[in-house]
Amino acid sequence: MTQSQLKVSAAIAEHLGDRSEQQDRVAILTSERNPGAALAIVADGMGGRTGGRLAADQVITTARNLFNELSERDTTLPDLLRQIANEAHTVIRLCALSSEKEPHSTIAALIVKRDLAIWAHAGDSRLYLCRAGRVLHRTVDHTVAHQLSSEGRHAEAEVAAQHYKNILFSALGIKHELKLDINQTHDLRVGDAFLLASDGLWAYFEDTEIASVLDRLPPRDASKQLVAQARERAEGRGDNLSLAIVKLEAPLEAPRFTVPELQVS
C-alpha cells in the first residue's frame, strides 16, 4: 500500500521538566508547494541559558524555511535533510563566534512522502521506527561512549558511559566536523509508527515499552502517556523533554454512491 493511500496521523509534545528554561524545540511541518510530504523534527539545545534555546530555534527555523521551498517534483530529500543540518550548523557556529556562548543542538528529522520515509540525526536525540509492537530501527547516539565502544575500546567506553554519558562528538554547532547519519525505507505499512525524542524522554524507557505504546495508542494518546511516565520516573530531576510521533493508518473508506437504474415504460 503506497503512502498516497495511507492516512498520516501525528502529534507533538514538550515539557519543561525540572529545568528553569525550555531548550528543546519540536515541530511537524507541511509545505503548500508539496502537499504530499510532512517533516517532523526535534532539536535539543545546549550551551547555557538562552544559548541552547537559540540553537534549537535555529534548527526549526532553518527546517521550516527550506521545507517550504521544497518542490513537489523534488526527489532529493536526502540532500534537503543535509542542507537543513549544514545551514543550521553554520548559523549556530557564527552565533558562537559573535558571543561568549557555545551553543549546540541535536537534530532528529523525518520526512514522510508517499511510500518513502527518510530520516537524519546528529547528537543523542533519537528516532525509533516501530511495527507491530517491535522496534525495527533506532538511531545510534553520537556520544563519546558509543564511539569508543564501536572502536572496540570497551573499558574506556564503560568509563565514558558512567562519567561522560552526555558528551557528544557530533551536534549542530560543534567545533569539529559535523557527522550526520541518514537512513530511509520504502517499506511503509499500516500501523508503522515513528517516534522522535530528546534524551529527556527516551532515557526513561526500554525499546519494548516505546514500541508497545506506539502500537496500542493513537499519536495524541501515546504522547500523553509517554510524557506522563517520563515525568513520574524522573522523580523531580528530569530534563527538558520533547517528542514527535508520526503513525501510518488505514485510510477512511470513501462513501460509495449507487445510481438507481432508470425504469422506462
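Each remark here, short or long, concerns the structure printed above.
Computed from a predicted structure; not experimentally measured.

Trainee: Sorry, what's going on with the environment of Gln22 here?
Mentor: The residue Gln22 is located in the loop between β1 (7-15) and β2 (24-31) in this model. Here Gln22 falls in the buried class, since its relative accessible area comes to 16%. Those residues in contact with Gln22 that lie beyond four places of it in its chain are Glu14, His15, Leu16, Arg53, Asn240 and Leu241. Of the polar contacts made by the side chain of Gln22, one reaches the backbone oxygen of His15; its length is 3.0 Å.

Trainee: Mind showing me how you'd approach the nonpolar core here?
Mentor: When a protein is soluble and globular, its nonpolar side chains tend to lie buried together. Among the nonpolar cores identified, the biggest contains 30 residues, and Leu39, Ile41, Val59, Leu80, Ile107 and Leu172 are the most heavily contacted of them. Broken down by secondary-structure element, the contributors of at least two residues to this core are β2, β3 (34-46), α1 (51-68), α2 (77-97), β5 (107-113) and β6 (116-122). Residues in contact with Leu172, not counting those within four places in the same chain, are Val59, Ala85, Ala88, His89, Ile92, Pro103, His104, Ser105, Ile107 and Leu178. Cys130, Leu201, Trp202 and Val227 belong to the second-largest nonpolar core, a separate cluster that totals 21 residues.

Trainee: Could you clarify how one ought to interpret α1 in this entry?
Mentor: An α-helical segment advances 3.6 residues per turn. Residues three or four places apart therefore align on the same side. Look at α1: 26 Å from first C-alpha to last across 18 residues, which is about the 26 Å you get at 1.5 Å a residue. Among all positions in α1, only Gly51, Gly52, Ala55, Ala56, Val59, Ile60, Thr62, Ala63, Leu66 and Phe67 are buried. Each element contacted by the buried residues of α1 is listed here: β2, β3, α2, β4 (104-105) and β5.

Trainee: I would appreciate a short explanation of the pattern of salt bridges in the present structure.
Mentor: Two side chains of opposite charge can pair, provided their charged atoms sit close to one another. Scanning the model with the defined rule gives 15 salt bridges in all. In this structure, the salt-bridge partner of Arg82 is Asp79, at a minimum N-O distance of 3.2 Å. One end of the pair is Arg82 and the other is Asp79, both in helix α2 and three residues apart, which spans about a single turn. A residue is classified by how much of its surface remains accessible, and Arg82, at 37% relative accessible area, is partly exposed. Classification of Asp79 by relative accessible area gives partly exposed; the value is 44%. Here Glu209 makes a salt bridge to Arg233, at a shortest N to O gap of 2.8 Å. With Glu209 in helix α6 (residues 207-216) and Arg233 in helix α7 (residues 219-234), the pair connects residues that are 24 residues apart, well separated along the chain. Taken together, the shared-partner salt bridges connect Arg131, Asp187, Arg189 and Asp192 into one network.

Trainee: Explanation requested: the environment of Gln184 in the structure shown.
Mentor: Counting through the fold element by element, Gln184 comes out in strand β9 (residues 181-185). For the pair formed by Gln184 and Trp119, sequence separation is 65 residues and the distance between their alpha carbons is 6.1 Å. If we ignore the near neighbours within four places in the chain, the residues touching Gln184 are Leu116, Ala117, Ile118 and Trp119.

Trainee: Just to check I follow, could you spell out the pairing of β3 for this structure?
Mentor: Consecutive side chains of a regular strand alternate in pointing toward one face of the sheet and then the other. Pairing between β2 and β3: eight bridges, direction antiparallel. The residue of β3 that forms the bridge with Ile28 is Ala40. As judged from the six bridges shared by β3 and β5, these two strands associate in the antiparallel manner. Looking at the pairing, Val42 lines up with Ala108 of β5. As paired elements, β3 and β4 share two bridges and run antiparallel to each other. When the sheet's bridge partners are listed, Met46 is paired in β4 with His104.

So, how was this worked out
All chains use their own residue numbering, which begins from 1 and follows the written sequence. Predicted model: local features are reported for residues with pLDDT of at least 70 only, side-chain atom pairs are reported and counted for 80 or more only, and whole-chain, interface and lining totals are derived from all residues. Think of the side-chain values as coming from all heavy atoms in the structure, minus any hydrogens and water. A run of H or I in DSSP counts as a helix once it spans at least four residues, and a run of E counts as a strand once it spans at least two, with each numbered from the N terminus. To sort residues, take the accessible area from a 1.4 Å probe on protein chains only and compare it with the maximum for the residue type: under 20% means buried, over 50% means exposed, and anything in between is partly exposed. Here, residues are in contact when the closest pair of their heavy atoms is within 4.5 Å. Definition of a polar contact: a pair of N or O atoms within 3.5 Å, with one able to donate and the other able to accept a hydrogen when the atoms are protein atoms, and with sequence-neighbouring residues admitted only if both atoms are side-chain atoms. Buried residues of nine kinds, namely Ala, Val, Leu, Ile, Met, Phe, Trp, Tyr and Cys, make up a nonpolar core once their side-chain atoms join them within 4.5 Å. To estimate how far a helix should reach, multiply one less than its number of residues by 1.5 Å. Whenever a carboxyl oxygen of Asp or Glu lies within 4 Å of a side-chain nitrogen of Lys or Arg, that contact is scored as a salt bridge. Two strands are said to pair when DSSP picks up at least two bridges between them.

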